[in-house]
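# Structural overview
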Amino acid sequence: MRSIMVYALLAVCGLSGAPAQGPGAVGANLPVEAEHLFAQANQARMEAGAPPLHWDAALAAAALAHCRLMVAAVQIGHRYQGEPDLAERAGAAGAHFGLIEENVAAAPSAAEVHNSWMHSPGHRKNLLNPEVDRVGIVVIASRGELYAVADYTRAVPLLVTSEVEARVARLIAAAGMHAAGDSTEAREACAAGHGLPKGTPGAEPGFVMRWQGDDLSQLPEPLIEKMASGRYHRAVVANCPAHGEQGAFTVYRVAGCSIEGETPPDFS
């Protein structure tokens, strides 16, 4: 009986850019088995009610480098001596993410690789995770085995400061508060760890909300609650470099300053 070896890895803290449509996008050197695993993964996700994965060349490049190390080691694993961790090598390949996962395996065929992942709780969870939407898969044949690596991520768009501020301003406007004005003071507040900016005399901010993360699709719940109070009518939004060691993960730091209203506590 042929042996099948599998390991799963998940890291949370998350690929951007326009994805290609499949493994062929990174060149003819990828074996057809990668196509099979890509198709089988999306079939399984469809049956589980998860959104489809899109192919990403940066993830495939990271997976290829790691798969070559697996073949050289003649055993599967997520990290070898002297190799960066999963997040570092994906970031070095050009990925931007807030969530990254990896499945690895060695088996006689692509069908058996997929079957082993689907029957291993950790691998199945990674493959079917509805929070991931990009994948890069590599399969290398060696010594009668197929060595496979699949790297999955949740996409985080790589945005410049003006784009971040515009996105958050639209969310604030949609919630019923006018978001406009000079962002200079708000950027100072964003960069600071706590406290209120001095502001223009007579127009000091009522409060500052600072937050950071990779999801710019919704506002923090505490900010939504403050806005719903009806005491604040205008805000200024600013983006600045994230605080803390983020490594290869893409994280945005934002500050929203209310210009009108009473003065509640600082929500740093």
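Structural notes, computed from the coordinates. (Residues numbered from 1 in each chain as written. Predicted model: local features only at pLDDT ≥ 70, side-chain atom pairs only at ≥ 80, totals over all residues. Heavy atoms only, no water.)

### Some words on the packing of helix α1 (residues 32–48) against helix α4 (residues 110–118)
Close contact between α1 and α4 brings their axes to 9 Å; oriented N to C, the two are set at 35 degrees. Considering only the axes of α1 and α4, their crossing is right-handed. Contacts from Glu 33, His 36, Leu 37, Gln 40, Ala 41 and Ala 44 in α1 reach Ala 110, Ala 111, Val 113, His 114, Trp 117 and Met 118 in α4. Tallied by class, residues from the contact of α1 with α4 come to 8 nonpolar, 3 polar and 1 charged. (Axes fitted to C-alpha atoms, helices over the stretch in contact; angles between N-to-C directions. Helix = DSSP H or I, 4+ residues; strand = E, 2+ residues; numbered from the N terminus. Left-handed = near helix turned anticlockwise from the far one by under 90°. Contact = heavy atoms within 4.5 Å. Nonpolar A, V, L, I, M, F, W, Y, C, P; charged D, E, K, R; others polar.)

### Let's talk about the pairing of strand β7 (residues 207–213)
Of all 7 residues in β7, 5 are buried; the element is thus mostly enclosed. Across 7 bridges, β7 lies against strand β9 (residues 252–258) in antiparallel orientation. Of the residues in β9, the one forming a bridge with Gln 212 is Arg 253. (Buried < 20%, exposed > 50% of the residue type's maximum accessible area, 1.4 Å probe, protein only. Pairing = 2+ DSSP bridges.)

### A few points about the sheet that holds strand β6 (residues 178–179)
An order of β6-β8-β9-β7 is seen for the 4 strands of this open sheet, with the pairing classed as mixed. A strand with exactly one partner marks an edge of an open sheet, and here the two such strands are β6 and β7. Where β6 lies against strand β8 (residues 234–240), 2 bridges are found, and the strand directions are parallel. Bridge pairing in β8 places His 178 opposite Arg 234. Relative to β8, helix α6 (residues 161–174) is tilted by about 150 degrees, and along the sheet it contacts β6, β7, β8 and β9. Sheet strands touched by helix α7 (residues 184–191): β7, β8 and β9. Its angle to β8, the strand with the most contacts, is close to 55 degrees.

### Describing the packing of aromatic side chains
The tally for this structure, following the rule as stated, stands at 2 aromatic pairs. Measuring from centroid to centroid gives 5.4 Å for Phe 38 and Trp 55, while their planes differ by 90 degrees, and the two rings are edge-to-face. Of this pair, Phe 38 sits in helix α1 while Trp 55 sits in strand β2 (residues 54–55); the two residues are 17 residues apart in sequence, bridging distant segments of the chain. Relative accessible area serves as the criterion here: at 0%, Trp 55 is assigned to the buried category. Their ring planes at 75 degrees and their centres at 5.1 Å tell us that Phe 97 and Phe 249 sit as a pair that is edge-to-face. Of this pair, Phe 97 sits in strand β3 (residues 97–107) while Phe 249 sits in the loop between β8 and β9, placing them 152 residues apart in sequence. For the pair Phe 97 and Phe 249, one class covers both residues: buried. (Phe/Tyr/Trp six-rings, centres within 6.5 Å; stacked < 30°, edge-to-face > 60°.)

### Describing the state of the cysteines
According to the stated counting rule, one finds 1 disulfide in the structure shown. Here Cys 190 pairs with Cys 240 through a disulfide, and the sulfurs are 2.1 Å apart. One disulfide, between Cys 190 and Cys 240, carries an S-S torsion of -80 degrees and so falls in the left-handed class. Of this pair, Cys 190 sits in helix α7 while Cys 240 is found in strand β8, placing the two residues 50 residues apart along the sequence. Taken individually, Cys 190 and Cys 240 each receive the classification buried, so the pair is uniform in this respect. (Disulfide = S-S within 2.5 Å.)

### What about unusual backbone geometry?
At Val 74, a residue that is not glycine, the phi angle is positive and equals roughly 55 degrees. Relative to the helices and strands, Val 74 resides in the loop between α2 (57–73) and α3 (86–92). With relative accessibility at 45%, the residue Val 74 sits in the partly exposed group. The backbone of Arg 143 shows a phi angle near 55 degrees, a positive value even though the residue is not glycine. Positionally, Arg 143 belongs in the loop between β4 (134–142) and β5 (145–155). Judged by relative accessible area, which is 52%, Arg 143 ranks as exposed.

Shape descriptors only; they carry no functional weight alone.
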